[in-house]
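Listed below, chain by chain, are the residues.
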Amino acid sequence: MELSQRLEISYYKTVATINGEHNVFLVQHTETGRICVKKTLDIYNIRVYEYLKSNYITGTPRITEYCEENGISTEINIEKDEEGWYNLGSAEDLMEFSRVHALGLVPSAKVRLTADIDMAGVENFECIGRSAETYNKGANLSERGFSGEFDGQGYAIRNLTYTWTGNNGAEGLFGVNTGTIKNLGIDNFQFMDLNASDGRYGILCGTNIGTISNCYVVNSTMIFQYICGAFAGGNYGGTIENCCEFNNTIENHARAGHMVGDGYDDNKTRYGKIINCYSDNFVSGDGCPTGYAGTETGCQGHVDADRFASGEIAFLLNKGQSTPAWFQTIGEDGYPVLDNNHGYVVQNGDGYMCFTSESYAEAWTMVVDNEMLYLSDAVGQMSLLEEFENMLHTDEE
């Protein structure tokens, strides 16, 4: 707003409080003596009031003056497509989404990445769904937590350096997740605190109460005073499924799991689930003497680098999924990724091999033609050799 408008507003002094809870006051102009009603808003769209001042609607309060005291814009400067998805393709888009989410404008938004995002050099990042409540005692869910759907579409967010200066709460790329985060890679995050006395901290998510699936965290560092993990500091009734973490440094004083620090809340009423996940260190906080594990199903910790590089983990992560989500060009990639431009991994006897996306359909044809009977497809959960042999036995009968 222009200085003249701010000055005009300053002439109105509060006479009485009409409704303190809703910030409604009786004010009087110091020169004219005119009595008006003043209402202060934290969330608003200034364009609405611009229009209403110029286009009075009979039967509604007439707007005399207005100004934007704190300079906060409520305009959402992100592309939203016809299907209702906010599409993020740059660091600026991610920062903008974080900003409008903090204002409470898009708590349940559908969001997807359209490209890898490089956060190198970005300052003053605010996590999505920040909360002062960690939900370790079963409190009500935060109105500011992320409750929508965040689909990385196989892309990665890289090179974010984030220092937390508070002393409590839930912090990470996401603060509290009560929705769904999927198909997202995190690479080279540097996340640390200065003086936190409590809290739940994760590179991906501070506290998870929702679902995280088909995500990875690699080459990142966390240094915290309190409960932390690469995927979530606390996993309280949430589910983390078909995920992996590799080559991360997690340091704190206690309850640090490389994937999850704390697996159930203090009241022991909400146990988190970790399903088919893989780590080159401890999966959850049960690796520490004071850690709380939650429930793990089909998970493996202390997986060495050779197994990650071999294609085995990519194969296992796809197992049971209706369509493949994980890819790896064996010999080039040191760990699985979510980019289908890399190889599709199949089992080759006791080892693993990969096909590029261009040759994947051809590989299936070769199997049907009985030229590669040793292949096993994780998605189908059945050895193609066994399937072929069953067909032969059926023909013999």
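Up top is the structure these notes are about.
What you see is a predicted model; the values in this text were computed from it and never measured. (Residues numbered from 1 in each chain as written. Predicted model: local features only at pLDDT ≥ 70, side-chain atom pairs only at ≥ 80, totals over all residues. Heavy atoms only, no water.)

Comments concerning the overall build of the protein
Logical step 1: Tallying secondary structure elements over the protein gives 7 helices and 30 strands in all.
Logical step 2: By residue count, 46% of the 397 residues in the protein fall in the buried class.
Logical step 3: The contacts in the protein between residues at least 6 apart in sequence include a share of 67% that link residues at least 24 apart.
Logical step 4: Carbon and sulfur atoms make up 47% of the accessible area of the protein, which totals about 19000 Å². (Helix = DSSP H or I, 4+ residues; strand = E, 2+ residues; numbered from the N terminus. Buried < 20%, exposed > 50% of the residue type's maximum accessible area, 1.4 Å probe, protein only. Contact = heavy atoms within 4.5 Å. Areas by Shrake-Rupley, 256 points an atom, 1.4 Å probe, with all protein chains shown as cover.)

Thoughts on the packing of aromatic side chains
Logical step 1: The tally for this structure, following the rule as stated, stands at 11 aromatic pairs.
Logical step 2: Between Tyr216 and Tyr335, the ring centres sit 6.3 Å apart and the planes meet at 50 degrees, which makes this aromatic pair tilted. Of the two residues, Tyr216 sits in strand β16 (residues 211–218) while Tyr335 sits in the loop between α5 (312–318) and β27 (344–348), which places them 119 residues apart along the sequence. You'll find Tyr216 and Tyr335 in the same group, each marked buried. (Phe/Tyr/Trp six-rings, centres within 6.5 Å; stacked < 30°, edge-to-face > 60°.)

Remarks on the side chain of Gln321
Logical step 1: Mapping Gln321 onto the fold places it in the loop between α5 and β27.
Logical step 2: Here Asn214 takes part through its side chain, which lies 2.9 Å from a polar atom of the side chain of Gln321. (Polar contact = N/O pair within 3.5 Å; in protein donor to acceptor, adjacent residues only side chain to side chain.)

A short note on the environment of Phe97
Logical step 1: Position of Phe97 relative to the elements: it lies in helix α3 (residues 91–102).
Logical step 2: Remark: the alpha-carbon pair of Phe97 and Ile128, spanning 31 residues in sequence, is separated by 8.0 Å.
Logical step 3: When sequence neighbours within four positions are dropped, the list of residues in contact with Phe97 reads Ile78, Leu88, Val106, Ala109, Val111, Ile128 and Phe146.

With respect to the layout of surface pockets
By rolling a water-sized probe across the atoms, one finds the places where empty space is left.
Logical step 1: Reported here for the second largest pocket is a volume of approximately 200 Å³.
Logical step 2: Around the second largest pocket, the lining comprises 15 residues; the ones closest to its centre are Asp116, Gly154, Arg158, Asp339 and His342.
Logical step 3: Its residues assigned to classes, the lining of the second largest pocket comprises 6 nonpolar, 5 polar and 4 charged. (1 Å grid on protein atoms, 1.4 Å probe; cavity = no way out; pocket = protein on both sides within 12 Å on 5 of 7 lines; lining within 4 Å. Points joined across faces, edges and corners; volume = space filled by probe spheres on them. Nonpolar A, V, L, I, M, F, W, Y, C, P; charged D, E, K, R; others polar.)

Some thoughts on the nonpolar core
Logical step 1: Core analysis: the biggest nonpolar cluster contains 51 residues, and Ile157, Leu173, Leu184, Leu204 and Phe231 have the highest contact counts within it.
Logical step 2: Taken together, the elements giving at least two residues each to this core come down to β4 (85–88), α3, β5 (110–113), β9 (161–164), β12 (180–187) and β16.
Logical step 3: Looking at which element gives the most residues to this core, the answer is α3, with 4 residues.
Logical step 4: In contact with Leu184, not counting residues within four places along its chain, are Leu113, Phe150, Gly152, Tyr155, Ile157, Leu173, Leu204, Asn214, Cys215, Tyr216 and Leu338.
Logical step 5: Cys244, Phe246, Leu316 and Trp326 belong to the second largest nonpolar core, which has 19 residues in total. (Core = buried A, V, L, I, M, F, W, Y, C linked by side-chain atoms within 4.5 Å.)

Points about the environment of Val24
Logical step 1: Along the chain, Val24 falls in strand β2 (residues 24–29).
Logical step 2: Note on Val24: relative accessible area 16%, which makes it buried.
Logical step 3: With near-sequence residues (within four places) excluded, Val24 lies in contact with Thr17, Ile18, Asn19, Val37, Lys38 and Lys39.

Concerning the side chain of Asn318
Logical step 1: Among the secondary structure elements, Asn318 is positioned in helix α5.
Logical step 2: Overall, the relative accessible area of 1% leaves Asn318 in the buried class.
Logical step 3: Within the structure, Asn318 has its side chain in polar contact with the backbone oxygen of Trp326 (distance 3.0 Å).

Regarding the sheet that holds β9
Logical step 1: If you trace the 4 strands from one edge of the open sheet to the other, you get β9-β13-β17-β22, paired in parallel fashion. Every other strand in the sheet has two partners, leaving β9 and β22 (249–251) as the edge strands with one partner each. Across the sheet, the mean angle from the axis of one strand to that of its neighbour is 5 degrees, orientation sign disregarded.
Logical step 2: Two elements, strand β13 (residues 190–193) and strand β17 (residues 221–223), share 3 bridges in a ladder whose sense is parallel. (Pairing = 2+ DSSP bridges. Axes fitted to C-alpha atoms, helices over the stretch in contact; angles between N-to-C directions.)

Considerations on the sheet that holds strand β15 (residues 205–208)
Logical step 1: Read across the open sheet, the 4 strands follow the order β11-β15-β19-β23; overall the sheet is parallel. Since the sheet does not close on itself, it has two edges, and those belong to β11 (174–177) and β23 (260–262), each with one partner. Going from strand to strand, the sheet's axes swing by 20 degrees on average, the running direction of each strand aside.
Logical step 2: Strand direction decides the pairing type here: β15 and strand β19 (residues 232–235), joined by 3 bridges, are parallel. Bridge pairing links Cys205 to Ala232 in β19.

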